[in-house]
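Letter by letter, the chains look like this.
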Amino acid sequence: MTPQRLVMTQPDDWHLHLRDGEMLKAVLPYTARQFARAIVMPNLKPPVTTAQQATEYAQRIRAALPQALREQGITFEPLMTLYLTDHTSADEIRRAQDSGLVHAIKLYPAGATTNSDSGVTDLHRCTKALEAMQRHEMVLCIHGEVTHRDVDVFDREAVFIDKVLIPLRHRFPELRIVFEHITTRHAADYVRSASGPIAATITPQHLLYNRNSIFQGGLRPHYYCLPVLKREEHRQALLAAATSGSPKFFLGTDSAPHEQGAKESACGCAGCFSAPFALEFYAQAFESAGALDRLEAFAAFYGPDFYRLPRNTKKIALSRVQQQITSPIAAAGGSIIPLGFGEALDWRFEGPA
Ligand code: DOR
Ligand code: ZN
């Protein structure tokens, strides 16, 4: 029988962009409604590179939760990250660890994506910081794409595995790694078969769409993210990994809001804003694979287990209600087009159960 209602432990989002200022205020409520906690990415302008900056950013995030949500009993815990640069010191990693607020360090190869100009140019420049992470058992979150202009944009993740990730893990076998937003069969296969402490997050857009969506009847910038959507065979490999029941794969939306004009542009920004319907998207994907019974562990168990945090105890519910995504989201004087705009969903997030 097809279920009409899904009740599950409240999930967390293990990869999220919240931005800052007015944009933060506009987008945070969507995540806080659905998720108890989130790993908050540090690619602000300028990036969050110190434990002190992460502490201040966490305060701004907490302050941005609207009173109306607090009154409904909604709480939100930001799990902070630092942006790894060529100059990150071992001392900064220790301060991050001691803060109790910073749960991971994020590696962006320089030039890989939005606000990654300060990213790492050569991992050999980060040896001291990587040693400190391994020693303190601090998680390294990786944007896994090489950025060399000779490498085809659709091959950047697969090349990264061979050229960067495997050598890195050889040098630091105990380093705890999350391979973020994986997009290919190569990445899913690598993570599944690798030994040692490695896991991967998977976004809703990479479970639901392939690269045709970017070009369907014209150029569709709201399906453009990085790493870019891949062929259908890769989408199917990711869906198989997410629904396999392996604790190495867990939820990370990579919800990345950009103002409409910044995406509908001659040089549009990368990022899909999935926060308003995040759990609905994942339910849609899992149901398409006949695996709704595996959604709870993917969304609410394997992430905290990997990060060595307690699982949430509150429950949330989704119900089987057809809904159409029809409204742009008002934000910071403009609007954001959410992922799936114009499409239909079979599920609707209800709230606490
Ligand atoms: O599509 C993306 N958007 N990928 C990223 O890695 C960064 C993100 C953003 O910050 O906009
Ligand atoms: Zn991201």
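### A word on the packing of helix α7 (residues 185-193) against helix α9 (residues 232-242)
- Packing of α7 against α9 brings their axes to within 8 Å, and their N-to-C directions diverge by 30°. Taken together, the axis directions place α7 and α9 in an arrangement best described as roughly parallel. Residues R185, H186, A188 and R192 of α7 form the contact with α9, whose own contacting residues are E233, H234, A237 and A241.
- Here the residues of the contact of α7 with α9 sort into three nonpolar, two polar and three charged.

### Quick notes on the packing of aromatic side chains
- Enumeration over the complete set of coordinates arrives at twelve aromatic pairs.
- Judged by centre distance (4.8 Å) and plane angle (15°), the ring pair of W14 and Y307 falls under stacked. Highlighted residues: W14 in strand β2 (residues 13-16) and Y307 in helix α12 (residues 295-307), separated in sequence by 293 residues.
- With a centroid separation of 6.1 Å and 75° between ring planes, the pair formed by F306 and Y307 is classed as edge-to-face.
- Overall, F306 belongs to the buried group, its relative accessible area being 14%.
- The exposure class assigned to Y307 is buried, which follows from its relative accessible area of 6%.
- The structure contains a cluster of three or more aromatic residues connected by ring pairs, namely W14, F250, F306 and Y307.

### As for the state of the cysteines
- Under the counting rule described, the total for this entry stands at zero disulfides.
- C267 takes part in no disulfide bond, and the closest cysteine sulfur, belonging to C269, lies 7.6 Å away.
- Summary of cysteine pairing: C272 is not part of a disulfide, and the nearest cysteine sulfur, belonging to C225, is at 4.3 Å.
- Residue classification places C272 among the buried positions, given a relative accessible area of 2%.

### What to know about the sheet that holds strand β1 (residues 5-9)
- Spatial strand order, β1-β10-β13: three strands in an open sheet with antiparallel pairing. The sheet is open, and its two borders are formed by β1 and β13 (344-352), each paired with just one other strand. The mean inter-strand angle of the sheet, taken between neighbouring strand axes irrespective of direction, is 35°.
- With five bridges connecting them, β1 and strand β10 (residues 315-324) associate as antiparallel partners. Each bridged residue has a counterpart across the sheet, and for V7 the counterpart in β10 is A317.

### Description of the sheet that holds strand β7 (residues 177-179)
- Strand order in the open sheet formed by eight strands is β2-β3-β4-β5-β6-β7-β8-β9, with parallel pairing between adjacent strands. Every interior strand has two partners, whereas the edge strands, β2 and β9 (249-251), have only one. This sheet shows a mean twist of 30° between the axes of neighbouring strands, independent of strand direction.
- Here strand β5 (residues 102-107) pairs with strand β6 (residues 139-142) via four bridges, running parallel. Paired with K106 across the bridge in β6 is C141.

### Examining the side chain of T85
- Topologically, T85 is positioned in the loop between β4 (77-83) and α4 (90-99).
- Reaching out from T85, the side chain makes a polar contact with the backbone nitrogen of H87 at a distance of 2.9 Å.
- Those residues in contact with T85 that sit more than four places away from it in its chain are T49, S118, V120 and C126.

### Some thoughts on unusual backbone geometry
- At the junction of K45 and P46, the peptide bond is cis and its omega measures out at -5° in the coordinates.
- Within the element layout of this structure, P46 appears in the loop between β3 (37-40) and α2 (51-63).
- Omega for the bond connecting L226 with P227 falls within 30 degrees of zero, at -10°, which places this linkage in the cis form.
- The topology assignment puts P227 in the loop between α8 (204-208) and α9.
- Not every positive phi belongs to a glycine, and H181 is a case in point at roughly 35°.

### Some words on the site of ligand 1
- Taken together, 13 residues are adjacent to ligand 1, and R19, N43, T113, L226 and H258 come closest.
- Separating an oxygen atom of ligand 1 from a side-chain N or O atom of H258 is a distance of 2.8 Å.
- For ligand 1, an oxygen atom lies 3.2 Å from a polar atom in the backbone of G271.
- Within the complex, the protein chains bury 100% of what would otherwise be the 290 Å² of accessible surface of ligand 1.
- Because more than half of its atoms lie within 2 Å of the grid, ligand 1 is assigned to the largest cavity.
- Tallied by class, residues from the shell around ligand 1 come to four nonpolar, seven polar and two charged.

### What about α2?
- Look at α2: 18 Å from first C-alpha to last across 13 residues, which is about the 18 Å you get at 1.5 Å a residue.
- On its buried face, α2 is in contact with α1 (21-34), β3, β4, α4 and β5.

### Comments concerning empty space enclosed by the protein
- Scanning the model with the defined rule gives three cavities of 30 Å³ or more in all.
- For the largest cavity, the calculated volume is near 120 Å³.
- Class assignment of the residues belonging to the lining of the largest cavity gives a composition of six nonpolar, nine polar and three charged.

### A word on the packing of α4 against helix α5 (residues 127-136)
- Their axes nearest at 8 Å, the elements α4 and α5 cross at an angle of 30°. Between α4 and α5, the interaxial angle falls into the category roughly parallel. The element α4 and its partner α5 pack so that their crossing is right-handed. Across the interface between the two elements, A90, I93, R94 and Q97 from α4 touch K128, A129, A132, M133 and H136 from α5.

How each quantity is defined
Residue positions are given per chain, counting from 1 as you read along its sequence in written order. Here chains are named by letter from A upward and ligands by number from 1 upward, in the order in which they appear as written. Residues qualify for local features only when their pLDDT is at least 70, as the model is predicted, and side-chain atom pairs are given and counted only at 80 or more; totals for whole chains, interfaces and linings, by contrast, use all residues. Water and hydrogen atoms play no part in the side-chain values, which are based on all heavy atoms of the structure. Axis lines are fitted through C-alpha atoms, for helices just across the contact stretch, and the angle between N-to-C directions can take any value from 0 to 180 degrees. Each helix corresponds to a stretch of at least 4 residues labelled H or I by DSSP, and each strand to a stretch of at least 2 residues labelled E; elements are numbered beginning at the N terminus. Here is the rule for angles: anything less than 35 degrees is roughly parallel, anything more than 145 is roughly antiparallel, 65 through 115 is roughly perpendicular, and the remaining ranges are oblique. Residue contacts follow a heavy-atom distance rule, with two residues in contact if any of their heavy atoms lie within 4.5 Å. Polar here means any residue outside two lists: the nonpolar Ala, Val, Leu, Ile, Met, Phe, Trp, Tyr, Cys and Pro, and the charged Asp, Glu, Lys and Arg; Gly therefore counts as polar. Here a Phe, Tyr or Trp ring, Trp counted by its six-membered ring, pairs with any other such ring whose centre lies within 6.5 Å, and the pair is stacked when the planes are under 30 degrees apart, edge-to-face when over 60, and tilted otherwise. Using a 1.4 Å probe on the protein chains alone, a residue whose accessible area is under 20% of its type maximum counts as buried, one over 50% counts as exposed, and one in between counts as partly exposed. We call a pair of cysteine sulfur atoms a disulfide whenever their separation is within 2.5 Å. By this definition, two strands are paired if DSSP reports at least two bridges between them. Counted as a polar contact is a pair of N or O atoms within 3.5 Å, where, for protein atoms, one must be capable of donating a hydrogen and the other of accepting one, and residues adjacent in sequence contribute only when both atoms are in side chains. Whether a residue is near a molecule or strand depends on its heavy atoms: if one lies within 4 Å, it is near. Only the protein chains shown count as cover for residues, with accessible areas throughout obtained via the Shrake-Rupley method and a probe of 1.4 Å. For cavity detection a 1 Å grid was placed over the protein atoms alone, and a set of points counts as a cavity when a 1.4 Å probe fits there but cannot get out; an open set counts as a pocket when protein lies on both sides within 12 Å along at least five of seven lines, with lining residues being those that have an atom within 4 Å of a point. Throughout, a molecule is located in a cavity or pocket provided that more than half of its atoms lie within 2 Å of its grid points. Given a helix with a known number of residues, its expected span is that number minus one, times 1.5 Å. Grid points are joined across faces, edges and corners, and a volume is the space filled by probe spheres set on the points. Crossing handedness is read from the near helix: turned anticlockwise from the far helix by less than a right angle, it gives a left-handed crossing, and turned clockwise, a right-handed one.

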